[in-house]
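The lines below spell out each chain.
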Amino acid sequence: MRLINACHFSGVVLYYISMRIDKFLKVSRIIKRRTVAAEACDAGKVYVNGRSVKPAYTLKIGDVVEVKLGTQPIKFTVKSLNDKAGKEDASSLYEILH
């Protein structure tokens, strides 16, 4: 997880939290291993906001991600970015879209 300085607004500095897409897919347990997540990105099977992305793509809260692995693609919105999430917390990082 990284803090990115987004902008200065009325003397207040706003920060956004971000994370690499391959790491998010692993932490959220959508894909079991980070290397497999990176390979899926390289193969063009991962889309963020409708665009194919590479493993180093910086994911932000609110992004819509689509993973096309297997017979059923999964589409979800990123709700939270957390470096470490337990088995119980992993599903709270995203919301499935139908």
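1. Here we look at helix H2 (residues 34-42)
- Inspection of H2 places Ala 37, Ala 38, Ala 40 and Cys 41 among the buried residues, and these make up the whole buried set. Burial along H2 is one-sided: seen end-on, the buried residues are contained in an arc of 160°. Relative to its buried face, H2 has exposed residues pointing more than 90 degrees away, namely Thr 35 and Glu 39.
- Note on H2: the residue one or two positions beyond its end, Gly 44, has a positive phi of about 80°.

2. A closer look at the packing of aromatic side chains
- Scanning the entire structure with this criterion turns up 2 aromatic pairs.
- With a centroid separation of 6.1 Å and an interplanar angle of 25°, the aromatic rings of Phe 24 and Phe 76 are classed as stacked. Taken together, the residues Phe 24 in helix H1 (residues 21-27) and Phe 76 in strand E7 (residues 74-78) connect sequence positions 52 residues apart. Both residues of the pair, Phe 24 and Phe 76, belong to the buried class.
- Ring plane angle 55° and centroid distance 5.3 Å describe the contact between Phe 76 and Tyr 94, whose orientation is recorded as tilted. Residue Phe 76 is located in strand E7, and its partner Tyr 94 is located in strand E8 (residues 94-96); the two are separated by 18 residues in the primary sequence.
- In this structure Phe 76 comes out as buried when scored by relative accessible area, which is 0%.
- Chaining the aromatic ring pairs together yields one cluster made of Phe 24, Phe 76 and Tyr 94.

3. Details of the pairing of strand E6 (residues 64-67)
- The alternating pattern of E6 places Val 65 and Val 67 on a buried face, while none of Val 64 and Glu 66, on the opposite face, is buried.
- Pairing geometry for strand E3 (residues 46-48) and E6, over 3 bridges, is antiparallel. From the neighbouring strand, Val 48 faces E6, where its bridge partner is Val 65.
- Taken together, the 4 bridges between E6 and E7 define a ladder with antiparallel strand orientation. When the sheet's bridge partners are listed, Val 67 is paired in E7 with Ile 74.
- Between E6 and E7, which pair antiparallel and follow one another directly, the connecting turn spans 6 residues, one of which, Gly 70, has a positive phi of 70°.

Rules and cut-offs
- Residues numbered from 1 in each chain as written.
- Predicted model: local features only at pLDDT ≥ 70, side-chain atom pairs only at ≥ 80, totals over all residues.
- Heavy atoms only, no water.
- Buried < 20%, exposed > 50% of the residue type's maximum accessible area, 1.4 Å probe, protein only.
- Helix = DSSP H or I, 4+ residues; strand = E, 2+ residues; numbered from the N terminus.
- Arc of directions from axis to C-beta.
- Phe/Tyr/Trp six-rings, centres within 6.5 Å; stacked < 30°, edge-to-face > 60°.
- Pairing = 2+ DSSP bridges.

Everything listed here is a matter of geometry and, on its own, says nothing about what the molecule does.
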